Amino acid sequence: MKLRGLDAIMKPLFVLLGLSVLLAGLASLWTPGPRGPESTPEPSLNALLYSDLGADGFVEVVEDRPSRFPADHGAHPEYRGELWTLFGQLTDASGGRYDFQLGITRLALAAESPPRASAWAANAVYRGRLTLIRADAPGVQSAARLTRAAAGLAGADAQLRSVWIEDWSLSLSDGEPDRPRMRLVAGGEGPALSLDLVAGKSPVAFADLGLLGRDIGASGLHAYLLPRMAAAGTLTLDGEPRSVEGQVWLDHAWGMLPTGRSRVGLNRFAIQLDRDRELVCLQLRREDGTGTPIPACALILADGQVQSFRRREIRLEAVEHWLSPRSGARYPVAWRLSIPILELELELIPLARNQEADDRVRLWSGAVQAEGRLGGEAIAGHGRIDTTAEVPARSGI
Amino acid sequence: MAFEIRYPSIQVPLILLTLSLLGCDRGPTEKDGVYKAEVGEIPAYPQRPGDPDRGYDALLNRSVVTCGLPYNAYLKTREAAQDAGPQFPGRTGRNAGLPYMLTSHVAASGVEIVTSNCLACHASTFNGELVMGLGNAFLDLTIDPLIGIEASAALVEDGPEATQWRRWADRIGAIADYMMTDTVGVNSANNLTLALMAHRDPETLAWSDTPLIEPPPQAPLPVSVPPWWNMGKKHAMFYNGEGRGDHVRYMILASTTCTDSVEEAAEIDAWFVDVRAYLASLQPPDYPFAIDRALAERGGAVFEKTCKECHGTYGEEPTYPNRVIALGKVETDPELARKGFSDADRFLKWFGSSFYGELSQAAPALGYVAPPLDGVWATAPYLHNGSVPTLAALLDSRSRPTFWRFDREGDARPAYDEVGLGWTYRTLDNGKAGAMSWEERNHIYDTGLPGYGNRGHTFGDDLTESERLALLEYLKTL
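Note that the coordinates shown come from a computational prediction; the quantities given were computed from them, not determined experimentally.

(A) Structural detail: the sheet that holds strand 4 (residues 69-70) of chain B. All names here are of chain B. Here 3 strands make up an open sheet; going across it, the order is 4-6-5 and the pairing antiparallel. The open sheet has two edge strands with one neighbour each: strand 4 and strand 5 (102-106). For strand 4 and strand 6 (residues 112-116), the ladder comprises 2 bridges, and the chain directions are antiparallel. When the bridges of strand 6 are listed, Pro70 appears paired with Ile113.

The structure is reproduced here in structure tokens:
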């Protein structure tokens, strides 16, 4: 009789449910939207990103596997979708502060490229989005790219360990496998960035954060984060380059990237705090705001160790909502977070209200600053919150 | 070194005599609608007759919990795609394809739902065999049930399915914090039952989202699930013997998650008399490994001398005294008995004025029932709180581990220890306070925590090593 693994089945109903459904929410948080003020070059491509193509022929993430570095820093074309998201705070020599966010998504259209004559034949769509908030000026500046992987316009290379979309790219330069160095370039007319990144901490597998159960690693998506990379380089605004430095956070995930809406909402918090600590939280909730929201948090310590916290140890409440004039969606944008056993209390305040990233999947993805106390001492930080919209109760649910 | 105060030996029998005289012929006493019982013998109560065969079928195929996950949504879970695991014979229709702890039920709305049944807690495997009635010592109630439940909303279709899902999700949402334990394996069903009572009008059984009486504490006291096959011998249910009178109503009380009216409760009650009749007919499994008969026979003599006064006799003409042993005598962790005796009046009153109490008289005593020992070798860990991992440790309190965990990898079952009689375990240097992760913390049994103590029941301490070995051998024959 095979007893090992039996208990995986022998569970009562309420813990039996797979967490695979969480994926939908989680991935949508990482799916950067293109619908900024810039017109998209090919609306049909945009539509493709939202279509349900099925998983035929793609490798599916069925269980947790250990990360393999440096290989995992590269692309994973055998999986349907992949995304790289970077965000961080940069300062220039005169103390000017800039919070940026850059996301690149790869979505394969077919598992194998069918033979085609045209050099424009492509089996993947790439999309990029850059936003920037200046501390000394109101509003959010943004730029976007959307392209098929054809004629070298966009691509992701497992060997060279780079991903590029037109004049934007992220590539692995060198460094130790668990302390990689990368180069981020985002050219163009809008805000432009050129940064050298050096990881200050080892990559942390998302599954090792212990958020909402270990099973989440087996939920259709592999992901890791490099929560603190020292950044130095140039930021060009209105044609004017300036030297900047700061701290950057990278998320890299691959697997299935469903884009459908569900009645499950998910909020994600990623904060770089002083004293070399980073905080990651997820909050699972009903879209209509009823029921009990379920937060989970992980604190990454200076030495890379992770402390996990669960629902009953966390207080997390939205203290301000913002109504998007564009989509009509209502988002929680300011939060109060406390973890009493850590003696941690944080106010998370958005740098701008209007940081709706995608009015189609209704996602708000914004830079925030954090202020509060940890263990009796003041602590501050900055980071990013992603939230799905709150939807009034539909009939029947 | 702690000082132990001992009464002069001549006074002990006197005190015991006085206590037993006080306990003589006194049934539970009532005050303000609340009954309390003395320690000592529990009288027999008539049980309503039922058909054990019909009861077995109902236990496996009918649903006592009437809310759950819509079946269509269940099909979309990864678990539904997996092998359903071991199965009891007699599961019919849809149930034959569901894991044994789930039951299909068609709700009044016509939506088919998947519900939890009794067997997640009351069945388990031993030596690779699924055993009906064996308490599940590995059930993980440290997991937050709300994660899976809330996430499953994504799988549910709008309309009647969503309504069914919401009813279930809201209900579990209200009681989740009363059922979550901090140690894998211990059970919280009693605390969960109290939480459900707090949310219901006792007379109409109507649900209230806000509690109507003060709910129980959110940290459940740990309880080890007793085996069902003792039901036929026991006059009263529960460790403190409070479940006096009709047993069926207590049994269905634990499953009132979604029983929102007296009519519904009466409907379940009508078929559950058969289930009770089946449970009362249930026999323990036979010890599946070798037994040294000669040694066991010598152990039988030790049992006669040391154990039978409280636990009865076994064999051709078994006897069972049905006695609550005073805390002062058994000296095991007192929390559960004390809380049940002194801190539960509102629940005793609720019970007495409800449908569930019509045929019964919930009357806690300040002690613990010495249980029948049939199949006791299968029911590790021991004591009411599951604090002692093996029978060998139970019979020698000096060898009980203060901090321990089952010796197993992940979800795998630990090996059965044929010498100590229990699941193999590892003694640890630190309790939960020294654990680095949730995972580690939840798997540590820490006898230093309130309600988790492993003291008392020291009746085997004075046995010689060879007497103890013989006694253990004898216990394999029960």
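(B) Structural detail: the nonpolar core. Core analysis: the biggest nonpolar cluster contains 133 residues, and Leu209 of chain A together with Met132, Phe272, Tyr356 and Leu475 of chain B have the highest contact counts within it. Here this core takes 9 residues from helix 7 (residues 160-179) of chain B, the largest share from any one element. Among all residues touching Phe272 of chain B, those that are not within four sequence positions of it are Val64, Cys118, Val248, Met251 and Ile252 of chain B. Among the nonpolar cores identified, the runner-up in size contains 37 residues, and Leu172, Met182, Ala231 and Val244 of chain A belong to it.

(C) Region of the structure containing the pairing of strand 16 (residues 306-309) of chain A. Residue and element names in this part refer to chain A. Summarising the sheet, strand 15 (residues 294-300) and strand 16 pair through 4 bridges and their orientation is antiparallel. In the strand pairing of strand 16, Ala298 is matched with Ser308. As consecutive antiparallel partners, strand 15 and strand 16 are separated by 5 residues, and within that stretch Gly304 has a phi angle of approximately 90°, a positive value.

(D) The arrangement of the environment of Gly312 of chain B in detail. Residues and elements named next belong to chain B. When you line up the elements, Gly312 lands in the loop between helix 12 (308-311) and strand 10 (323-326). Distance in space between the C-alpha atoms of Gly312 and Val302 is 13 Å, their sequence separation being 10 residues. In this view, Gly312 contacts Phe303, Cys307, Thr319, Tyr320 and Pro321; residues no more than four positions away in its chain are not counted.

(E) Structural context of unusual backbone geometry. Pro70 of chain A follows Phe69 of chain A through a cis peptide bond whose omega is 10°. Tracing the sequence through the fold places Pro70 of chain A in the loop between helix 4 (43-50) and strand 1 (81-92). Residue Pro381 of chain B is bonded to the preceding Ala380 of chain B through a cis peptide linkage, with omega at -5°. Here Pro381 of chain B is to be found in the loop between strand 12 (367-369) and helix 16 (391-394). Although it is not a glycine, Phe238 of chain B adopts a positive phi angle of roughly 80°. For His457 of chain B, which is not glycine, the phi torsion reads 45° and is therefore positive.

(F) Local environment of helix 11 (residues 293-306) of chain B. Residue and element names in this part refer to chain B. Over its 14 residues, helix 11 runs 20 Å from end to end, which matches the ideal 20 Å to within 8%, given 1.5 Å per residue. Every buried residue of helix 11 is accounted for by Leu295, Ala296, Gly299, Gly300, Val302 and Phe303. Its buried side turned inward, helix 11 meets helix 12 and helix 18 (465-475). For helix 11, the N-terminal capping position is held by Asp292, with its side-chain oxygen 3.3 Å away from the main-chain nitrogen of Ala294.

What counts and what doesn't
- Residues numbered from 1 in each chain as written.
- Chains lettered and ligands numbered in written order.
- Predicted model: local features only at pLDDT ≥ 70, side-chain atom pairs only at ≥ 80, totals over all residues.
- Heavy atoms only, no water.
- Pairing = 2+ DSSP bridges.
- Helix = DSSP H or I, 4+ residues; strand = E, 2+ residues; numbered from the N terminus.
- Core = buried A, V, L, I, M, F, W, Y, C linked by side-chain atoms within 4.5 Å.
- Buried < 20%, exposed > 50% of the residue type's maximum accessible area, 1.4 Å probe, protein only.
- Contact = heavy atoms within 4.5 Å.
- Expected span 1.5 Å × (residues − 1).
- Polar contact = N/O pair within 3.5 Å; in protein donor to acceptor, adjacent residues only side chain to side chain.

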